[in-house]
Amino acid sequence: MHVRFKPFLLFILFLAVIFVFSYEASAQNIGGGGSVQGKVVDSNGAAVPNAKVEINNRVSGYHREITSGAEGTFTFHNLPENPYQISVTAAGFAPSKQVVDVKGSIPAQVNVNLSIAGASTTVEVKGEGEMLENDPTFHTDIDRGLFEKLPLESQSSSVSSLVTLASPGVVADSNGLFHGLGDHAENSFSVDGQPITDQQSKVFSNQIPVDSIQSLEVISGAPPAEYGGKTSLVINVTTRSGLGQKQPTGSITTSYGSFGTATAGADVAFGSDKWGNFVSASGLNTGRFLDPPEFQVIHSKGNEQNLFDRFDVQLSDKDTAHLNLGFTRSWFQQPNSFDQQAVNQDQRAQIETYNIAPSWTHLFSPSTLLAVGAFVRHDDFNYYPSSDPFADQPETLSQRRRLLNAGIKADLSYVKGKHNIKGGITFQHTLLTENFAFGITDPTVNAACLDASGSPDPSATPTDPALCTGALTANPAFASELLPFDLTRGGTNFGFHGKADIKEVGMYLQDAITMGNLTLNLGMRADIYRGIATDIQPEPRVGIAYNIKPSHTVLRLSYARVMETPFNENLVLASSGGNNPVISALFGTNGQSVIRPGQRNQFNAGFQQALGKHLIVDADYQWKFTRNAYDFSDFLNTPVFFPIAWHNSKIDGASVRVSMPETHGFTAFVVMGHVNARFFPPQVGGLGTDLTAIGAPFRIDHDQKFNQTTHLQYQPWKAGPWFALNWRYDSGLVAGAVPFATDATTPVDLTGLTADQQMQAGLFCGSQVPTLAAPLTTCAPNLYGSTRLTIPAPGTQNDDHNPARVAPRNLFDLSVKEDNLFRGDRYKWSLGFTAINVTNKVALYNFLSTFSGTHFVTPRTLTVDLGFHF
């Protein structure tokens, strides 16, 4: 349908409505995240200055402390939405504790009344109740205090590693990619309120640097109405701030490790009660930037530079301005296989990303707050071919892809009594530019003739099947449209140039209603999408949670209707098949390949259970039914990827997180997940679309039976070193085209794989193993197997119920660090050691994936880091 709308007029109307709620008040507004403000007084109401005020969330690891001012007042800025425990101590007074719930940006008010020491007992807060959240939406909270002690596998995509390790149900993939709960990268980020729905793995874009992050909230349940687009995982990022940091704090760090990996970084936070600035800069140079298709690292150098700045200023007691600035540049080689290295392939890529995001908040009253933000984000992706085009096989290619995403959003929050109402509107305008060139470099790809054996004839002539004579016969697969671009037959590169202009509007209204032990979330969202395709969808959202306080249990149910928006990466190329004869000849596209928005119905059911004061279990089960289900494919086995859409998908699975907050120096958590990801043909969008190919359902290559991460952390004494251990188990993703035995007697044909691919897969035939010089050709079913893949038994292979998979793997990572080497007070030195894949396990992430090919996990990697902190 064609959708007409006037974004500017809608926005003006929304701003006009909010003034209905406004009236004068003296409450102080804090920019960025939530905030807690209060006053410490004695039993007579007199101010208590210099009281020690601590705030913490034991589950996420968040902890900060300040002292009350001359009038007894205190403020904590930039808090993620969570329940917190406030602890106050002062000389001559009994300690006090209470729980405060931070919801949204409206400041939470806390009044602390201290009693004279000995006159009364401490106000106790039960640990079980403090750890529970009566929230219908399943999510995971991770603060910097926790993830700084988490050994991370990838220094070039640390945020991806963090989310994969600490969030349940997240499937690990290569090159910083992760699959949220059965979907291919259907993830979005919200960075201080700025929506980012484009892919953030390091082969598509540059991620926000981990040293700029204060905390993460990973929403994996049915999303509230304020989130749209890609919602399998919604990752709320709260960045670090200098607001209230009267004495500058910061660090200078460096590290060196395996593969010549060197890093350097510096950050500093400074400010006052009225303004603050946080700035960080970091750099990375490594011999293993991307995950290669061999366990041995070949042609995988890369470097990265990051710059991030956050500035906050409190313009008045009601107005705060906020500005995020970011720039990242990465350059890296495309890793080679042994086959590619033998012909001196030298493909490289460079990505430059900048981001500008100003925002303003206005507090109309203690219960009403307006937040308005704008953002501009730009990705410039360049892919460079080898200098010798024939070193790139079977084709040479280059690409320059640019994405400019600009928008404005406004949210109005109103908290009164049992209601927590929030409504808003977001406008986004995305400009896509795609320049692409390729030429055929393998003479057998589009040969006009077949030789006597039926194989493509590599001769430069003839170039017309009608001229095939003698032992040569016409090749029925020959495509005359490709002949002008066959470099082996005198052709030149094919050039593709495409642009798209995508406009999106999202509007929502939601209310979190608290009635005693019951929390009810009601919401409605509407999304308008106008790009290469157009659509508009209403999306109801509802959730309910009930806190059974005697047993310390929270039960929850939720539902969300979601409009899934198409991926922007190479979207123009993916949608061109029906209109471009060259692209259609390459992919056999039958009909239009336009990718349309999808429609999803998602159901979640779960519970949260506190077991004593030191353990909490959070579990969830999900069902997702999607029409127009997205995945990715690649351009002729190259690192250029494009989106595709299948008719529908059915995804279900369980996610569990068990957390043990810090107890006597020991902290632990376990996350685990299981997912069934079934996709149903035909392909209905993207290159290769064929509406006539119905076919049977299949398991997509991000289906995984089970994965888990166990994190153990111990600090024997507060001033001593700490130790951290990760154990990651993955049962294995669905593999690509793996040869299998159709029955117990017919030999398995292995000629469809090259010798190098057979070695990557760890294939064997009895005692025989392939070498580069001597590949396997056939093998008896009873002798055939693999050390790196799980291949179905003869006659049992089924793409839906029993596909080939990557073999299960156990990986162990270890960190040891001393945070205060010389026992300094104001100035501290740190020294740490990290070992990734301690046992040097040789294992695959994936094999011949239709999205990304073949990649190995990181070999044993040792790193030493040194830091100076002030």
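Everything quoted here is computed from the prediction, not taken from an experiment.

A.B. asks: Looking at this structure, I do not really get the overall build of the chain. What am I missing?
C.D. replies: For the chain, the count of helices and strands is eight helices and 47 strands. Taking 870 residues into account, the globule formula puts the C-alpha radius of gyration at 29 Å, and the chain, at 29 Å, falls close to it. Principal axes of the C-alpha set define a box for the chain whose edges measure 110 × 60 × 50 Å. Counting every position in the chain, which comprises 870 residues, the buried fraction comes to 58%. Counting contacts in the chain only where the partners sit at least 6 residues apart, residues at least 24 apart contribute 68% of the total. With the model as given, the accessible surface of the chain reaches about 33300 Å², and the carbon-plus-sulfur share is 59%. Once the 60 positive and 77 negative side-chain charges of the chain are each reduced to a mean point, those two points are 6 Å apart.

A.B. asks: Honestly, the sheet that holds strand 12 (residues 194-196) in this entry has me stumped. Any pointers?
C.D. replies: The pairing of strands in a sheet comes from backbone hydrogen bonds and takes either a parallel or an antiparallel form. With respect to topology, five strands assemble into an open sheet ordered 8-13-14-11-12, the strand pairing being mixed. Of all the strands in the sheet, the pair left with one neighbour each is strand 8 (139-143) and strand 12. With direction set aside, neighbouring strand axes in the sheet form an average angle of 20°. Where strand 13 (residues 213-219) and strand 14 (residues 233-239) come together, six bridges link them in antiparallel fashion. When the bridges of strand 14 are listed, Glu 217 appears paired with Asn 236.

A.B. asks: Explain the state of the cysteines here, please?
C.D. replies: Should the sulfur atoms of two cysteines be covalently bonded, the bond is a disulfide. A full pass over the atoms with the stated rule returns two disulfides. Across the disulfide, Cys 449 is cross-linked to Cys 468 (sulfur-sulfur distance 1.8 Å). Because the torsion about its S-S bond is -90°, the bridge between Cys 449 and Cys 468 counts as left-handed. With Cys 449 in strand 24 (residues 449-450) and Cys 468 in the loop between strand 24 and strand 25 (473-474), this residue pair connects regions lying 19 residues apart in the sequence. Across the pair, exposure class does not vary: Cys 449 and Cys 468 are buried alike. A sulfur-sulfur separation of 2.1 Å characterises the disulfide bridge that pairs Cys 765 with Cys 779. Disulfide Cys 765-Cys 779: the torsion about the S-S bond is 95°, which places it as right-handed. Placement of the pair is Cys 765 in strand 38 (residues 763-765) and Cys 779 in strand 39 (residues 778-779), with a sequence separation of 14 residues. Like Cys 765, the residue Cys 779 is buried in the burial classification. With its disulfide-bonded cysteines labelled consecutively along the sequence, the chain is connected as 1-2, 3-4.

A.B. asks: Is there a simple way to think about the sheet that holds strand 2 (residues 52-57) in this case?
C.D. replies: In spatial order, the strands read 3-2-5-6; together these four strands make up an open sheet with antiparallel pairing. Strands at the two margins of the open sheet, each flanked by one partner only, are strand 3 (62-67) and strand 6 (96-101). Between one strand and the next, the sheet's axes are offset by a mean angle of 20°, whatever the strand orientation. In terms of strand pairing, strand 2 meets strand 5 (residues 83-89) through five bridges, oriented antiparallel. By the bridge assignment, Lys 52 is partnered in strand 5 with Thr 89.

Rules behind the numbers
Just so you know, the residues in each chain are numbered from 1, in the order the chain's sequence is written. Where totals are concerned, whole chains, interfaces and linings use all residues; where local detail is concerned, this predicted model gives features only for residues with pLDDT of at least 70, and gives and counts side-chain atom pairs only at 80 or more. Side-chain figures throughout are based on the complete set of non-hydrogen atoms in the structure, without hydrogens or water. Each helix corresponds to a stretch of at least 4 residues labelled H or I by DSSP, and each strand to a stretch of at least 2 residues labelled E; elements are numbered beginning at the N terminus. Atoms counted for the radius of gyration: C-alpha only. Globule rule: 2.2 Å times the number of residues to the power 0.38. A simple rule labels every residue: compare its accessible area, found with a 1.4 Å probe on the protein chains alone, to the largest value its type can have, and call it buried under 20%, exposed over 50%, or partly exposed in between. Only heavy atoms enter the contact rule, under which two residues are in contact if any of them lie within 4.5 Å. The protein chains shown are the only cover counted for residues, whose accessible areas, like all others here, come from Shrake-Rupley with a 1.4 Å probe. For the charge count, each Lys or Arg is scored as positive and each Asp or Glu as negative, with His and the chain ends excluded. Taken as the charge centre is NZ of Lys, CZ of Arg, CG of Asp or CD of Glu, depending on the residue. Any two strands are treated as partners once DSSP identifies two or more bridges connecting them. Angles here are taken between N-to-C directions and fall from 0 to 180 degrees, while the axes themselves are lines fitted to C-alpha atoms, restricted in helices to the stretch in contact. By definition, disulfides here are pairs of cysteine sulfur atoms that lie within 2.5 Å.

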